[in-house]
Structures are given as structure tokens and as C-alpha cells.
Amino acid sequence: MNQVTQEQSLRILKDDWGRYLADFKGLSPQEQRAFLEDQGYASFHDLLAHICAWWEETLTVINSILDNEEVTGREYDIDQFNAEAIIKFRKWDPVDLETHFENLRQSLVDLVIDLPDEALAYQRITTWMHACVVEHAEEHKIRD
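Presented here is a report on the structure given in the accompanying data block. (Residues numbered from 1 in each chain as written. Predicted model: local features only at pLDDT ≥ 70, side-chain atom pairs only at ≥ 80, totals over all residues. Heavy atoms only, no water.)

Here the idea is plain: a probe the size of a water molecule rolls over the atoms and shows the empty space left. The volume enclosed by the largest pocket comes to roughly 300 Å³. What lines the largest pocket is a set of eleven residues, and nearest its centre among them are W54, I78, A131, C132 and E135. Counting only elements with at least two residues in the lining of the largest pocket, the list comes to α4 (44-66) and α7 (123-139). If one sorts the elements of the lining of the largest pocket by residue count, α7 sits on top with seven residues. Here the residues of the lining of the largest pocket are counted per class, giving five nonpolar, four polar and two charged. Taken as a whole, the second largest pocket spans an internal volume of roughly 190 Å³. Lining the second largest pocket are 13 residues, with D16, R19, A137, K141 and R143 sitting closest to its centre. The set of elements that each furnish at least two residues to the lining of the second largest pocket consists of α1 (6-16), α2 (20-25) and α7. (1 Å grid on protein atoms, 1.4 Å probe; cavity = no way out; pocket = protein on both sides within 12 Å on 5 of 7 lines; lining within 4 Å. Points joined across faces, edges and corners; volume = space filled by probe spheres on them. Helix = DSSP H or I, 4+ residues; strand = E, 2+ residues; numbered from the N terminus. Nonpolar A, V, L, I, M, F, W, Y, C, P; charged D, E, K, R; others polar.)

This part takes up α1. Within the span of α1, buried status applies to S9, L10, I12 and L13. Projection of α1 onto a plane perpendicular to its axis shows the buried side chains occupying an angular sector of 165 degrees, all on one side. Each element contacted by the buried residues of α1 is listed here: α6 (94-114) and α7. (Buried < 20%, exposed > 50% of the residue type's maximum accessible area, 1.4 Å probe, protein only. Arc of directions from axis to C-beta. Contact = heavy atoms within 4.5 Å.)

Bringing the packing of α4 against helix α5 (residues 78-89) into the picture now. Where α4 contacts α5, the two axes come as close as 8 Å, and the packing angle between them is 110 degrees. By the angle between their directions, the pair α4 and α5 is classed as roughly perpendicular. The two elements α4 and α5 meet at a crossing, and its hand is right-handed. Together, H45, D46, A49, H50, C52, A53, W54, E56 and E57 of α4 and I78, F81, N82, A85, I86, K88 and F89 of α5 make up the contact between the two elements. Among the residues forming the contact of α4 with α5, the class breakdown is nine nonpolar, three polar and four charged. (Axes fitted to C-alpha atoms, helices over the stretch in contact; angles between N-to-C directions. Parallel < 35°, antiparallel > 145°, perpendicular 65-115°, else oblique. Left-handed = near helix turned anticlockwise from the far one by under 90°.)

Looking now at the nonpolar core. Soluble, globular proteins show a tendency: their nonpolar side chains are buried together. Membership of the largest hydrophobic core comes to 46 residues, with the highest contact counts inside it found for W17, Y20, F35, F44, L47, W55 and F101. Those elements that place two or more of their residues in this core are α1, α2, α3 (29-39), α4, α5, α6 and α7. If one sorts the elements of this core by residue count, α4 sits on top with 13 residues. Those residues in contact with W17 that lie beyond four places of it in its chain are I12, I51, W55, F101, E102, R105, V133, H136, A137 and H140. (Core = buried A, V, L, I, M, F, W, Y, C linked by side-chain atoms within 4.5 Å.)

Attention shifts here to the environment of T99. Checked against the element boundaries, T99 lands in helix α6. Of the residues examined, T99 reaches a relative accessible area of 39% and is grouped as partly exposed.

Here we take up the state of the cysteines. A full pass over the atoms with the stated rule returns zero disulfides. With no disulfide partner, C52 has as its closest neighbouring cysteine sulfur the one in C132, 12 Å distant. (Disulfide = S-S within 2.5 Å.)

Laid out in C-alpha cells, this is it:
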């Protein structure tokens with residue numbers, strides 16, 4: 001089971017993800033291209049689409065669990081989910097997508113702050129938080 005704490009999640013959401021847009025924009029154009037190539041994305045827009053789609057899914061799943069409306073766990077084809085995310089956000093203006101990223105990040109911060117103590121004992125919640133907040137931050141880290 002992936003362990004995640006409220007403090008760890010908040011730190012990563014506020015610090016790592018909170019600096020994400022500025023960190024990317026602080027790279028030179030050559031560093032931006034190299035980073036995106038390493039990440040496997042054609043553009044920063046596509047990478048943000050990927051992150052936003054997983055954050056939307058995280059919020060949906062965790063809120064459904066908290067509302068006792070949890071549906072059976074979905075099997076994800078990761079490549080298909082990521083491709084659909086890029087298509088979904090393709091026509092979004094970059095500023096709007098960055099605003100959406102920030103709104104989702106704040107929604108996750110609010111969710112973590114408001115999580116009941118017993119929620120982090122629930123494996124599906126900790127798995128989602130670990131994968132989409134902690135692991136994702138490490139996978140898409142811009143600076144060491």
C-alpha cells in the first residue's frame with residue numbers, strides 16, 4: 001500500500017506543484033525543449049493537459065468515495081487516457097489551461113485540508129493521492 005500523509009501531500013501541492021508553471025517558464029527555450037522531449041510530450045500544453053486530466057480524475061474518484069457514492073474501480077488504459085486528455089484540452093487557450101491547472105491544484109489542496117482523519121486509512125484514497133500528487137510530482141519534476 002502506498003503511504004501518503006496529509007502534510008506530505010500539502011507540501012508537494014503547495015511547493016512542488018505550486019512552482020511548476022514558473023519553474024517551466026524559467027527554463028531557457030533549449031531547456032524547455034529538452035525537458036519536454038524527456039517527458040515524451042510535444043508541448044508544455046500537452047503535458048499540462050495530461051496532469052490536469054489526472055487531477056480531475058483524482059478529485060472525481062476521491063470525492064465519490066467521500067460521498068459514499070463510490071463506483072466500482074475503473075480499469076485505465078494509461079496511454080489511451082493520456083491521449084484523450086491531450087485531445088480534450090487541445091483547443092484550450094494556454095492561459096486558460098494554466099488557470100485550470102492552478103484551480104485544480106487549489107481544489108486538491110482544499111480536498112487534502114478537509115480530508116477526515118479516517119480517509120487516509122482508506123487504500124483507494126491514499127493510492128490516488130500518492131499516484132497523482134506524490135509520484136506525478138517526481139515523474140514530471142522540472143528541477144532537482
